[in-house]
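Below are the chains, spelled out letter by letter.
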Amino acid sequence: MSQSLAWLLLIISGIADVAWALATKKSAGFTEPLWAAVSFVLLVIFIALLTKVLTVLPLGTAYAVWTGIGAVGSLIAGIALFGESTDAVRLTFAAVTILGVVGLKVSS
């Protein structure tokens, strides 16, 4: 697998992680069977992709980027879909997370 494909799959895995978090929230503690099943499928997808990516990309960088996508993506989804807080402190730390992820990508 090329590095370019690995980075693309890492991004897709990060997006699947965000979708997994949303499905897990919608599962209401896994009491909603459909959402629980969707959550499980998304979990398998993002782990499979991440596992494949880690054969090519450096562990620390790949995991940090993947975590950043999941964290910031989930924060944005929470704001957009569930009306979660947009206070300055949360947004500042999201920006710091993005800066760290970009820095790791650029330096790798």
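Residues numbered from 1 in each chain as written. Predicted model: local features only at pLDDT ≥ 70, side-chain atom pairs only at ≥ 80, totals over all residues. Heavy atoms only, no water.

Asks: Just give me the short version of the environment of Ala94, but keep the residues and values in it.
Replies: With respect to the element layout, Ala94 can be found in helix 4 (residues 88-107). Residue classification places Ala94 among the buried residues on the basis of a relative accessible area of 11%. With 90 residues separating them in the primary sequence, Ala94 and Ser4 have C-alpha atoms 26 Å apart. Filtering out sequence-adjacent residues up to four positions away, Ala94 remains in contact with Val72 and Leu75. (Helix = DSSP H or I, 4+ residues; strand = E, 2+ residues; numbered from the N terminus. Buried < 20%, exposed > 50% of the residue type's maximum accessible area, 1.4 Å probe, protein only. Contact = heavy atoms within 4.5 Å.)

Asks: Could you give an account of the nonpolar core, naming the residues involved and the relevant values?
Replies: Grouped together as the largest cluster of nonpolar side chains are 14 residues, with contacts concentrated most on Trp7, Leu10, Val53, Leu57, Ala62, Val65 and Trp66. Put simply, the parts of the chain that give this core at least two residues each are helix 1 (3-26), helix 2 (33-53) and helix 3 (59-82). In terms of residue count, helix 1 provides more of this core than any other element does, five residues in total. In this structure, Leu57 is in contact with Gln3, Ala6, Trp7, Leu10 and Ala62, ignoring residues within four places of it in sequence. (Core = buried A, V, L, I, M, F, W, Y, C linked by side-chain atoms within 4.5 Å.)

Asks: Could you give me a rundown of the packing of aromatic side chains, with the residues and numbers involved?
Replies: Aromatic ring pairs: the centre-centre distance and the angle between the two ring planes describe each pair. A complete count under the given rule lists three aromatic pairs for this structure. Judged by centre distance (5.6 Å) and plane angle (70 degrees), the rings of Trp20 and Phe46 are edge-to-face. Here Trp20 is found in helix 1, whereas its partner Phe46 is found in helix 2, with 26 residues between them in sequence. By relative accessible area, Trp20 is classed as partly exposed at 26%. In this structure Phe46 comes out as buried when scored by relative accessible area, which is 6%. The rings of Trp20, Phe46, Tyr63 and Trp66 are connected pair by pair, giving a single aromatic cluster. If you follow Lys25 out to its NZ or CZ, it ends over the ring of Phe82, 5.1 Å from the centre. (Phe/Tyr/Trp six-rings, centres within 6.5 Å; stacked < 30°, edge-to-face > 60°. Lys NZ or Arg CZ within 6 Å of the ring centre and 35° of its normal.)

Asks: How would you explain helix 1 if you had to name every residue and give the values?
Replies: Because an α-helix completes one turn every 3.6 residues, residues spaced three or four positions apart along the sequence face the same direction. Given a rise of 1.5 Å per residue, 24 residues ought to cover 34 Å, and the 34 Å separating the end C-alpha atoms of helix 1 matches this to within 8%. For helix 1, the set of buried residues is Ala6, Trp7, Leu9, Leu10, Ser13, Gly14, Ala16, Asp17, Val18 and Ala23. Contact partners of the buried residues in helix 1: helix 2, helix 3 and helix 4. (Expected span 1.5 Å × (residues − 1).)

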